[in-house]
Every structure is written in structure tokens, then in C-alpha cells.
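A structural walkthrough
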Amino acid sequence: MEFKKKKVLMTAKEIGKTLNTLAQEIAKKENLEKVALIGIRCRGVPLAERLAKELEKLGAKNLSLGILDITLYRDDLSLVASQPIVKETKLPFGIDEKVIILIDDVLFTGRTIRSALDALIDFGRPQGIKLAVLIDRGNRELPIQADYIGKKISTSLKEMVKVELKEVDSKDEVSLWEK
Amino acid sequence: MPLKSKDLLGLEYLTKEEIEHILDTASPFKDLFTRSVKKVPTLRGKTVVLLFYEASTRTRTSFELAAKRLSADVINITVSASSVVKGEGLIDTGKTLEAMKSDFVIIRHGMSGAPNVLARNITASVINAGDGLHEHPTQGLLDIFTIREKKKRIRGNHLKGLKVVIVGDILHSRVAKSNIWGLTKLGAEVCVVGPATLIPQGIEKIGVKIYYRLEDALPGADVINILRVQLERQQQSYFFPSLHEYTLLYGITKERLAAAKEDVLVMHPGPLNRGIEISSEVADGPSSVIQEQVTNGIAIRMAVLYLLGGGG
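Cut-offs used in this document
- Residues numbered from 1 in each chain as written.
- Chains lettered and ligands numbered in written order.
- Predicted model: local features only at pLDDT ≥ 70, side-chain atom pairs only at ≥ 80, totals over all residues.
- Heavy atoms only, no water.
- Helix = DSSP H or I, 4+ residues; strand = E, 2+ residues; numbered from the N terminus.
- Rg over C-alpha atoms; globule rule 2.2 N^0.38 Å.
- Pairing = 2+ DSSP bridges.
- Axes fitted to C-alpha atoms, helices over the stretch in contact; angles between N-to-C directions.
- Contact = heavy atoms within 4.5 Å.
- Polar contact = N/O pair within 3.5 Å; in protein donor to acceptor, adjacent residues only side chain to side chain.
- Nonpolar A, V, L, I, M, F, W, Y, C, P; charged D, E, K, R; others polar.
- Salt bridge = Lys/Arg side-chain N within 4 Å of Asp/Glu carboxyl O.
- Core = buried A, V, L, I, M, F, W, Y, C linked by side-chain atoms within 4.5 Å.
- Buried < 20%, exposed > 50% of the residue type's maximum accessible area, 1.4 Å probe, protein only.
- Phe/Tyr/Trp six-rings, centres within 6.5 Å; stacked < 30°, edge-to-face > 60°.
- Lys NZ or Arg CZ within 6 Å of the ring centre and 35° of its normal.
- Right-handed = clockwise from strand over helix to strand, strands pointing away.
- Expected span 1.5 Å × (residues − 1).
- pLDDT = per-residue confidence, 0-100.

Bringing the overall build of chain A into the picture now. The secondary structure content of chain A amounts to three helices and eight strands. Starting at the N terminus and walking to the C terminus, you meet the elements of chain A as β-α-β-α-β-β-α-β-β-β-β. For a compact globule of 179 residues, the expected C-alpha radius of gyration is about 16 Å, and chain A comes in at 16 Å, within 12% of that figure. Dimensions of chain A, computed from the C-alpha atoms along their principal axes, are close to 50 × 40 × 30 Å.

Take a look at the structure:
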């Protein structure tokens, strides 16, 4: 069964505005000198880069920025038909004593974040780990919640949230699709 | 892109794309080595059996480390202390290991094709760690990985225009065969050089140039892969008159190396016979990437285990 596009959840302009709001919330609550942004592959990476730019506008200096590939920590490797492609993790800084803000596009079952936490802990002992997502679509399978949420929607399991970002795709858009 | 087979039996059976996929996958695994925690939970709960019918230190250790860094459980079977000495056949041994729910069997065997026979008879993934005179695919892959990395041929993905010279006993060397299959598929120019008695007949049919004199083979070489003189095969008595003569004609020394390109890579699968096929000056010199080959071997074997481990 193929997915059909149902509606646009966020336009390019709204994505920009949401990231700006998220940055303001982060700047208000966190000590920016300790913050490190880590994007989860694949679309968390451009989101982290954009958030870093927004935070720099708000006065953050020399923000640490990293990339996390969680493939090797997934819990469904023996269930998927073909092995997902492993890519590099790039954390060009020590994470000890940092406040890590993990960034991903969609928060759904929570399993990606569970894997990301395991991966991060192998790198050291941060002072804290927070989670920022562009979209929270509900339907959690694990007790995991985000600290910073761009937009919260309720969805059914038949639906799919598609995030497109210019850095990876051809345009900026978040849309809802249904089988 | 998944691998088509459940097994890795030789580079002969892989497509160019599959070889490149394994090489690409090995890079992020190599990054793991720079971390303080070098282990990931990817193969947690899987069982890897090392079944070695022939002596090995580096290949066995490398596979064991690769499996352990992926959190698999590893069992080493020393054949000399196993039921094999009671006369158990290969297929029966394999079936027993399968009944114990092994997910991978990594086998080294003196008979060419033994891993293929095993692979047909069990559902576990079989990885060839060297069979007779046939192939040693993970060694071939790690050699090509090292060449790609050192020669910066990672993007653009082929080795076209690169001249690789393999020196020595091509006939008995499974390392040479795996290198030849892999390198020719990726577009490199492969030359072999050695005593006529140690060049297998018909090898030119798979796109290899044959030389009998080093002086003819080395000019313009980007890579020299030096094979070990397999003293245990008593080559000196059957295949060439004396070790001394072999060294005089085919030993790689600093003076001989000068005929190759200035940025030539010197490779050797180990263990080294210093002063026979390679001088210490070359083995420890600036062109040598022998230590890197060992490190890369673990990354390649992790990639292979990962890519074959998906089916569950």
C-alpha cells in the first residue's frame, strides 16, 4: 500500500520560525557555555546546524556541534530486511560535563532516542542530556519525552510524518501522509 | 544495498558494488577504534564460532576482536583438540555447531572450497578465513581498503589507472587470488611477478599481466604487495633452487623499491620473513603500510559481520 499526502504540517517559513522559537527557549533555560548540540542522522544533523546558527544570533559563542549515527545501537537490526548503512559519528569534543541537546526531526516510538542515549553514554558522562525535536507525533513505545518541541500533533499508526530539509532533500517542508 | 549471499566465500563471487559497499561500511567502524569505549552492541546475543583447521595468529585474533567489538559471543575451536581428531567430517562439525545455534562460522581450511561445502550445508553465515589455494576474502578486502585509503580513491570509487604489483608465490597464495579478483573488478591494473613455477597457468585470462623479472614489473608501480615465502610448503625444494636465489631475484630491498613510483605503498599480509622476501629496511620504511593493514583488517571484518548479520 502506498502512502498518500494528506496535508502540509509546516511550510518552509514555519520551520524557520519554529527553529527560532526553539532556540529562544533553549537560550532561556540552558547555560549556553555548557551546551553542545548533537544532531541524530540523518535529518537531525541539518536541524542542529540551523539551531546552532539561531543560538549564535542570541549570543552563544563557540557552540560544540556533533553528529551521532545510531545504526550500530539499533534494537531492530535482526528484524529489518537489509542492513541500514552505517555512517560516521563525529563528536569533535569531549562530552564530559557538557549539557547535551540531542536533536532529531520526528519523535515517534522513542526507540531512536533510546539508541542515541546508549551511544552517547559510551562517549563519556555528560552533566545532562536533553532532547529537542521539530515534531512530536505521539505513539511512544518507551518512556521517553522531549524537552523542547517545535510542534506537537496526534497521529495514527497508519500515518507517516515526512520531514524534508533543503540540505538533504529539495525543499523545506513537513507533511502528513496516510496509507 | 544488501549483500546477496548469506556467506562470504570469496571476492570472485561478489559484484563490484558489493565490494565497494563492504569497503564503505568499514570506514565508520575504523572510527570506533579512536574511542575509549571501542565496543558497540550491534551483534549482542549472536554467536560467532572460529573454526580453524590451519595455524593462524593475526587472522584469528582479528576476527575475534572484530566480533567482540560488536558484542557477539566468540567461541574458538582448536581443531587439534576437537572431535575432528576422532574423525568427524566437516559437514558434521558444521551441523553440530548449527545445532548449538551459532550465527556465524568463520572457517580456515587446508582444502580449497571447504567453506563453500560448509555454506551449502548449514544456515549460519559462513565466512572464509582462507581455504587451501583458493581465497582469503577478508585479506583481499583489507588490502584494497588500505589502498583506497592511502591513495585517496574513496570517492570516484574506482581504482582505474592504479598499478598494483603482486610479488612472489602466486600459485599457493589465497591472498593473491582474493586481491586479483577484487582489484580487477574495481578497475586497477594488476601485475604478478615471481618464478615461473609459482605463477598459476591461465591466470592472465582474468586480466592479470605476468612478469618473471622484478626489473620489468616494478617501474610505475603504485602498490607492491609482497607475498610470504611459504616455507612450510617446502618451496625451496620443489619450486625454486634455493631461498638465497629467491631473495636475490625477488626480495624487495630499498634499492629495488626505487624503480617504483616515489609514493609507492609496500604491503605484506604477514607474517614477515625478514631478509627473504622483504628487507627490514623496507618493512619498517616510510613506504610500508603493513601495520595499517592489521588495523584495517579489524574494521573490514566488523563490516563483514555487520552486513551478513542482518537476517536474524
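With that settled, consider the sheet that holds strand 4 (residues 125–131) of chain B. Residue and element names in this part refer to chain B. Here we have four strands laid out as an open sheet, ordered 2-1-3-4, and parallel in their pairing. Two strands in the sheet have a free side with no partner beyond their single neighbour: strand 2 (73–78) and strand 4. Adjacent strand axes in the sheet meet at a mean angle of 15° when their direction is disregarded. One ladder, built from five bridges, connects strand 1 (residues 47–52) with strand 3 (residues 104–109); its direction is parallel.

By a frequent convention, interface size equals the accessible area lost on bringing the separate parts together. At the interface, 16 residues of chain A touch 21 residues of chain B. Counting every contact that joins chain A to chain B gives two residue pairs in polar contact (both at pLDDT 80 or more). Each residue belonging to the side of chain A that touches chain B can be placed in one class, and the counts come to eight nonpolar, five polar and three charged.

Below, the discussion takes up the pattern of salt bridges. Under the definition given, this model contains 29 salt bridges over all chains. A salt bridge links Lys150 of chain B to Glu292 of chain B; the shortest N-O distance between them is 2.7 Å. Remark: Glu292 of chain B occurs in helix 12 (residues 290–308) and Lys150 of chain B occurs in helix 5 (residues 137–150); sequence separation between them is 142 residues. Overlapping salt bridges, with partners in common, bring together Lys5, Lys171 and Glu173 of chain A in one network.

Phe29 and Leu305 of chain B are the most contacted members of the largest nonpolar core, which has 85 residues in total. Among the elements that make up this core, the one with the highest residue count is helix 12 of chain B (ten residues). If sequence neighbours within four positions are ignored, Leu305 of chain B has contacts with Leu43, Val48, Ala66, Ala67, Leu70, Phe104, Ile106 and Ile127 of chain B. Within the second largest apolar cluster, 30 residues are counted, among which are Met10, Ile26, Val35 and Ala60 of chain A.

Looking now at the packing of aromatic side chains. The final tally for this structure, using the stated rule, is three aromatic pairs over all chains. Note on Phe240 of chain B and Tyr246 of chain B: the rings are 5.0 Å apart at their centroids and 35° apart in plane angle, and the pair reads as tilted. Residue class for Tyr246 of chain B comes out buried when judged on its relative accessible area of 3%. Linked through ring pairs, Phe240, Tyr246 and Tyr250 of chain B together constitute an aromatic cluster. Residue placement shows Arg137 of chain A over the ring face of Phe108 of chain A; its charged tip is 3.8 Å from the ring centre. It is Arg69 of chain B that lies over the ring of Phe33 of chain B; its NZ or CZ is 4.9 Å from the centre.

What follows deals with the pairing of strand 5 (residues 128–136) of chain A. Residue and element names in this part refer to chain A. Looking at chain direction, strand 4 (residues 99–107) and strand 5 are connected through eight bridges and run parallel. Along strand 5, the bridge assignment pairs Val106 with Ile135. Handedness of the strand 4-helix 3 (residues 111–121)-strand 5 crossover: right-handed. Strand direction decides the pairing type here: strand 5 and strand 6 (residues 148–152), joined by four bridges, are parallel. Of the residues in strand 6, the one forming a bridge with Asp136 is Lys152.

Time to look at the sheet that holds strand 8 (residues 223–226) of chain B. All names here are of chain B. Here five strands make up an open sheet; going across it, the order is 7-6-5-8-9 and the pairing parallel. Strand pairing shows two members of the sheet lacking a second neighbour, strand 7 (208–211) and strand 9 (265–267), which therefore form its edges. Pairwise comparison of adjacent strand axes, ignoring direction, gives a mean angle of 20° for this sheet. Across three bridges, the pairing between strand 8 and strand 9 is parallel. For Ile224, the partnering residue across the bridge sits in strand 9 and is Val266.

Residue and element names in this part refer to chain B. In this model, helix 2 (residues 58–69) (twelve residues) spans 16 Å end to end at C-alpha, consistent with the 16 Å of a helix rising 1.5 Å per residue. Thr59, Ser62, Phe63, Glu64, Ala66, Ala67 and Arg69 are the residues of helix 2 that are buried. The elements touched by buried residues of helix 2 are strand 1, strand 2, strand 3, strand 4, helix 5 and helix 12. Residue Ser71 follows helix 2 closely and has a positive phi angle near 70°.

Below, the discussion takes up the confidence of the model for chain B. Averaged over all residues, the pLDDT of chain B equals 92, while 96% of them reach at least 70. Two summary scores accompany this predicted model of the complex, namely pTM at 0.90 and ipTM at 0.80.

On to unusual backbone geometry. Residues and elements named next belong to chain A. A cis geometry characterises the amide bond from Arg41 onward to Cys42, with omega recorded as 5°. Mapped onto the secondary structure, Cys42 falls in the loop between strand 2 (35–40) and helix 2 (44–57). Positive phi is not limited to glycine here, since Asn62 has a value of about 45°. Tracing the backbone shows Asn62 in the loop between helix 2 and strand 3 (64–68). In this structure, Glu97 takes a positive phi of about 70° despite not being glycine. The topology assignment puts Glu97 in the loop between strand 3 and strand 4.

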